[in-house]
Every structure is written in structure tokens, then in C-alpha cells.
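Understanding the architecture of this molecule
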Amino acid sequence: MGSNSSRIGDLPKNEYLKKLSGTESVSENDPFWNQLLSFSFPAPTSSTELKLLEEATISVCRSLVINNPRTGNLGALIKVFLSRTKELKLSAECQNHIFIWQTHNALFIICCLLKVFICEMSEEELQLHFTYEEKSPGSYSSDSEDLLEELLCCLMQLITDIPLLDITYEISVEAVSTMVVFLSCQLFHKEVLRQSISHKYLMRGRCLPYTSKLVKTLLYNFIRQEKPPPPGAHVLSQQSDGGGLLYGLASGVATGLWTVFTLGGVGSKAAATPELSSPLANQSLLLLLVLANLTDAADAPNPYRQAIMSFKNTQDSSPFPSSIPHAFQINFNSLYTALCEQQTSDQATLLLYTLLHQNSNVRTYMLARTDMENLVLPILEILYHVEERNSHHVYMALIILLILTEDDGFNRSIHEVILKNITWYSERVLTEISLGSLLILVVIRTIQYNMTRTRDKYLHTNCLAALANMSAQFRSLHQYAAQRIISLFSLLSKKHNKVLEQATQSLRGSLSSNDVPLPDYAQDLNVIEEVIRMMLEIINSCLTNSLHHNPNLVYALLYKRDLFEQFRTHPSFQDIMQNIDLVITFFSSRLLQAGAELSVERVLEIIKQGAVALPKDRLKEARSLKDTGLCWASILRKEVLVTFLSKFPQTQNDLCKSLTVKVAPRPLLSSWSFLSRKDKNQVFLIRLHAECGAQHGT
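Scope of this entry: the structure provided in the associated data block. (Residues numbered from 1 in each chain as written. Predicted model: local features only at pLDDT ≥ 70, side-chain atom pairs only at ≥ 80, totals over all residues. Heavy atoms only, no water.)

**Remarks on the pattern of salt bridges**
Which entries qualify depends on this criterion: When a carboxyl oxygen of Asp or Glu lies within 4 Å of a side-chain nitrogen of Lys or Arg, that pair is called a salt bridge. Strands are runs of DSSP state E lasting at least two residues, helices are runs of H or I lasting at least four, and both sets are numbered from the N terminus onward. Buried residues are those whose accessible area, probed at 1.4 Å on protein chains only, stays under 20% of the maximum for their type, while exposed residues exceed 50% and partly exposed ones sit between those limits.
One pass over the full model with this rule turns up 14 salt bridges. A salt bridge links Arg-62 to Glu-120; its shortest N-O distance comes to 3.2 Å. Here Glu-120 lies in helix H6 (residues 97-120) and Arg-62 lies in helix H3 (residues 47-71), a separation of 58 residues in the sequence. For Glu-120, a relative accessible area of 39% translates into the label partly exposed. Among the salt bridges present, the one from Lys-420 reaches Glu-432, with a minimum N-O distance of 2.5 Å. With Lys-420 in strand E3 (residues 418-420) and Glu-432 in strand E4 (residues 432-434), this pair connects stretches of sequence that are 12 residues apart. Sharing partners across several salt bridges, the network here consists of Arg-533, Glu-537 and Asp-575.

Listed below in C-alpha cells is the structure:
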């Protein structure tokens, strides 16, 4: 490197890098540092160029790994950076471009080295490289200064205290990125780290007082979405608006961390990386999420998670309880607007979920908004384009819907919001539809997509859970939404009959030979019947609680009344079919009395009149679907966490103990796997007789 512009291909031969990584010690007061830090070269614009940078510098970095115990040059470089940051704020005020440029370059080199050091060695060895004071081999001072803690505190101060100007934008981005790189230690450990150096420095000691200020600054960076300055306005030359060189380097690390935290790469489709309008906002969000998801230390909870759980609105004048540490206030209106606008990225969706789930102040504020469609529509669009999204992004969107639909006020208000011309919904032109009806359409579409493509039973369960949460407050359903509810039931009914037929044929063949294994059709039937029952529960809940508000659903029910005939006497559905059968019978008789050749408008008029005339006491009171033993949002959160921690078996027991969620019983499946082949045949034969008998009314 040096005063002349450099190319990536020249880095292995660069005399200044050779001296830095060589066997000669360099004092922090040596003029060499001014020469080393006076470099610039075009920023990599692709992953290929980033890989070339790593390949070009790996020999230099590994040489420093070997020689640093004797030279202490890494410590000298860090001290040079630390001394410069003390004057950084004044330099920004005085517009000292050269000083900021060299300080930025020092941080860039430190981050490049830190990334290689973390990849190449254990945390214990890494810490030793930051505490070397003596230059002679093998002699380490017992009272040596811990430069790693100094560096982290300095980075926190830089992020929180340095004003964000055109000339400080790049160094602010790279300060955030360096912290992301530091936290990447988890990528190189199979087990969850609970006593890592990140816990040692970030959760106690000198860094702890910066907790609330750091979290607040990172949130505001996300809210403001500050774009990088135009070319020529900053000191580090670059070829694009995509961020500095170190941003690209740290983004690779952040992508790895993001893959771990969001379950990507395991049966997931790689998401296309959108062009970032604000590298600072993106890196700040990633750092915030990584900090919030650090595990609790052995003797202390995660302070960054505590800060995220407890911050309040700037308009809230109530005092913070003394028991809440790291509390602060932030503008909720600005935060809400930013969250609504940024849901195209899965990290923004994870932030939304985190705040809704863990911060009751944010959840209360959002549920009280009168423009909830600004938040819900981007979430629905994620689910609508399910085939283009990563599975973890879809699941997070579902979790958010589940949390929202647990609130009765939300379920009522979404049917009062009328939308016009939803352009991204392409199956049918929707010139006017309520937000609630659109939510139903998108969730049903997701279920049908899952039935034909991914076949994920958890997706089924939780899509139905969202509908179940809403069902008692269905109001003025759009005719297309009502049709899709019945169409989904029709699809499930056909699937049930198909599996039943396959099971019958398979059983006939297997009974003649004990050597032929019996396909596990009982499990398939059990799953399908659970879904069918849930659909019947949803329809029943709507009819019982809001029959007079939903003539279109009654119309669709009557139009497809034959679908429900086979389930009237089915032993698994007799109880839930009572109200549905009563409604079909009651309204069918009124239509017969009205005569034949009725128009659609006339049928709807008869249904509205009949809804008023039907005595409410004739309908059996439907149980609340929120009290069926399934806490939907908690179950989905448990599933996501268990999947995430499947790589870490030793933590699963603790997790399951902490999530005391009741799960719906599966009586047949619970013991099915323990039966012999002969017993399975007998049990399944009894089951099939019951199924076939129900279909034929015997």
C-alpha cells in the first residue's frame, strides 16, 4: 500500500504490508504508519473481487499471525488507530479529510486482519495477539493492556458519538462492520457460545455503559436510511454507491451470520441480494440483530436484548421502572414508517418480529395505529410471492401475522379498511376489497401452494392458525374470499378421499402377505383430517359468531353443500358439523320456499333475511379457537428455535423446558410407530371400516 493508489493484484508484493507482517517491530510513533495508511484503490463490486482480495492478502495476514508474537505490530497498529480516534470528532468539525481518510484506512486494515485471525485461530489465541506487550519470544507481561477491549470501546464511541457527515460516512459504516466481523466467532463453533470473548467484553466491563446508546444509534441508523455521499464528497475513492471496500468484506461475514440466525441454507432458496441504498442502515441492522441474539452469559442476561425489549416512545412521559436497565426512548412513528418501507429484506422482517414479540410498548403502539394496512400489505406480499422467498422469510411473515391476529381489535379493524386495485395480486382483479378479506386470500393461497409444492406441515398448521384467530371476527367477507375458503375445503376433501382409496387398496394387498410392509397411510389420513377439522372449526366459528355479517360465505356454503355430506356422519367430525348442517338445512329450505330460477342478488337477499330470522340459540356455541390448547405464535416460535438449535443438541433440553406450550394430541400417531406390522394391519383395518362406513352412511 502506501501513498500511491494500489491494485489488489499488487498487495502481496507491497513493501509496506511486508514490513507490517515481517519480523521487524514497528513503534506506534514511527513515520511508517503515515506511509502505510496513505492508500486508496477501487472498491470490489462483486463477490469474485472480494475473493481476490482475500486471496491476495492471505499470505500477508498469515505471516503476521506467525510474527506478531515477536513484533507486536498488530498492537502497534491498533494503538495508532486508537490515538487517531481521539481527534476524530474534532477532525470532522474541521473537515480534515486527510486525517479521517488515514484513520479509515487503519480501521480497514485492522478489520481485514481481524477476519483472518478469527478464521485461523481459537478465541484464546486471538486474545493473546491483542495482549502482547513484550517483543521477545515467549515473554508476555502479566499486566499488559487488553487492546481488544480498548478497540471495542473505541468502536462503540465512534458509532455513537461521531456526527454522521459526508466525510465520516465511510468510517461509520466500517466501524459497524468491524463489530460484525468481531462477532463472527460464532460461525466457527458448532456449539452455542456462552462464555466467548464477546460475552466478556460486550456484556460487562467498560463496554456495558454504551449498551442503550449503541442500540438507539443502530435503530436510528436503520430508521434514517442515510445514503452514501456522492462520489467526490468523501475521502475514500470507490466505483459504486454500494459502500466501501470494508463494507463488502464485512457483508460476506454478515451474510454468514445471517444464514445462521435465519436458518438459511437448509432447504432454503437463496435470496437475490437487492442493491443497497444505505449500507450504513443495512450494516447497523445486522449488527443490532446479532447483538440481540447473543445468548445470555452464565451470570448475566444479554443487555442488548434487554434494551430492545424495554425502550419506549419519545411521547411516553411515564418514568422507567428502576428494575429496567439500559432503557431509552425513540420516535415510534419514524420506526413504524421505516419498518413498513423495508419489509422486502428478511432482516427487517426479523426486526419487526423481534419488536412485536419482545417489546410490549412497540406492539401496543402498532396495534393502535389506524394505518395498519401500511404494515400488513408488505407482509402479505411476502407470503404471496412465497415461491420467490427464502423459507425463513416466509415463516417470519407468518409469525408476525399470528402475533397480530391474536388481538381481537386488529381482527375487527382489518375488515373495516377498504383497499383498491391490489396490483401485485394477479389471480383475479381486485378493484375493491377489505384488508381482512385480502389477508384470507393470501393465507389460503399459501396453503394451496404448500399442498402442491413444499408440503410443509408446519406451514399448513400455522396458516390455518392465523385464519382460526380471525374467524370469530370475520366481517363482510368478499365473495372471492368466501369462495376460496370453500374451495380449499373442497381440495382437502378430495385429497382425503384419494388417500382413503389408496389406503384401502394397499391394505387389501398387504393383508394377503405379511412380508409386504404397510404404507403409513394412517399418518397421512390423520394429518389431512386434522386440517379438515381445523377448516370446519374456522367455518363454524364464523357462522356462530358473525353469521349475519357474512352472506357471501353462506352463499358459497350452499353452492357447495354436497361437499359436506360425507362428513355429517363421520365419527371425527360429527360434533363440529352440527352447526354447519343446521345452517345448510335452514337456508336451503328458505331458498326452496322462494322458488326456482333465483338470481344471485335474490339469493343473497334471502340469506340476509334468513340470518336475521334464524334463532341464535339454535346454533351450538362454538369454542374459542384461541383456547384449544394451541398457542399458535409460541408454537411457531418454538419450531423456529428448535430448528435453529438442531445443530446444538446440548441446548435443546433447556429450550424445551423454557417453552411450556401445549401441543394438540395425536392419539393414533403417538403409538403407531411402536406397533408390529400385524398390529398395524389390524388397527388400520378398523380405521378403514370406520372411514368407509362414514362415507356410505352405515
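Back to the write-up after that little detour.
**What to know about the packing of helix H16 (residues 346-358) against helix H17 (residues 360-367)**
We count it as follows: Each axis is a line fitted through C-alpha atoms, taken for helices only over the stretch in contact, and angles between the N-to-C directions span 0 to 180 degrees. Oblique is the label for any angle not covered by the other classes, which are roughly parallel (under 35 degrees), roughly antiparallel (over 145) and roughly perpendicular (65 to 115). Should any heavy atoms of two residues lie within 4.5 Å, those residues are counted as being in contact. Only Asp, Glu, Lys and Arg are considered charged in this grouping, and only Ala, Val, Leu, Ile, Met, Phe, Trp, Tyr, Cys and Pro are considered nonpolar; every other residue, Gly among them, is considered polar.
At a closest axis distance of 5 Å, the pairing of H16 and H17 adopts a crossing angle of 100°. One finds that H16 runs roughly perpendicular with respect to H17. Only Ser-360, Val-362, Arg-363 and Met-366 of H17 make contact with H16, whose side of the interface consists of Leu-352, Leu-355, Leu-356, His-357 and Gln-358. Tallied by class, the residues present in the contact of H16 with H17 amount to 5 nonpolar, 3 polar and 1 charged.

**Focus: helix H14 (residues 303-310)**
We count it as follows: Nitrogen and oxygen atoms within 3.5 Å of one another constitute a polar contact, given that in protein one can donate a hydrogen and the other can accept it, and given that sequence-neighbouring residues count only through two side-chain atoms.
Burial of H14 is extensive: 6 of the 8 residues sit out of reach of the surface. Listing the buried residues of H14 in full gives Pro-303, Tyr-304, Arg-305, Ala-307, Ile-308 and Ser-310. Capping of H14 at its N-terminal end is provided by Asn-302; its side-chain oxygen lies 2.9 Å from the backbone amide nitrogen of Tyr-304.

**Points about the nonpolar core**
For clarity, the threshold we go by: By convention a nonpolar core is built from buried Ala, Val, Leu, Ile, Met, Phe, Trp, Tyr and Cys residues, the set being connected through side-chain atoms within 4.5 Å.
Phe-81, Leu-202, Tyr-425, Leu-438, Ile-485 and Phe-564 are the most contacted members of the largest nonpolar core, which totals 207 residues. Counting residues per element, this core draws most heavily on H6, which supplies 14 residues. Residues within four places of Phe-81 in sequence aside, it is in contact with Thr-103, Ala-106, Leu-107, Ile-110, Leu-151, Cys-154, Leu-155 and Leu-158.

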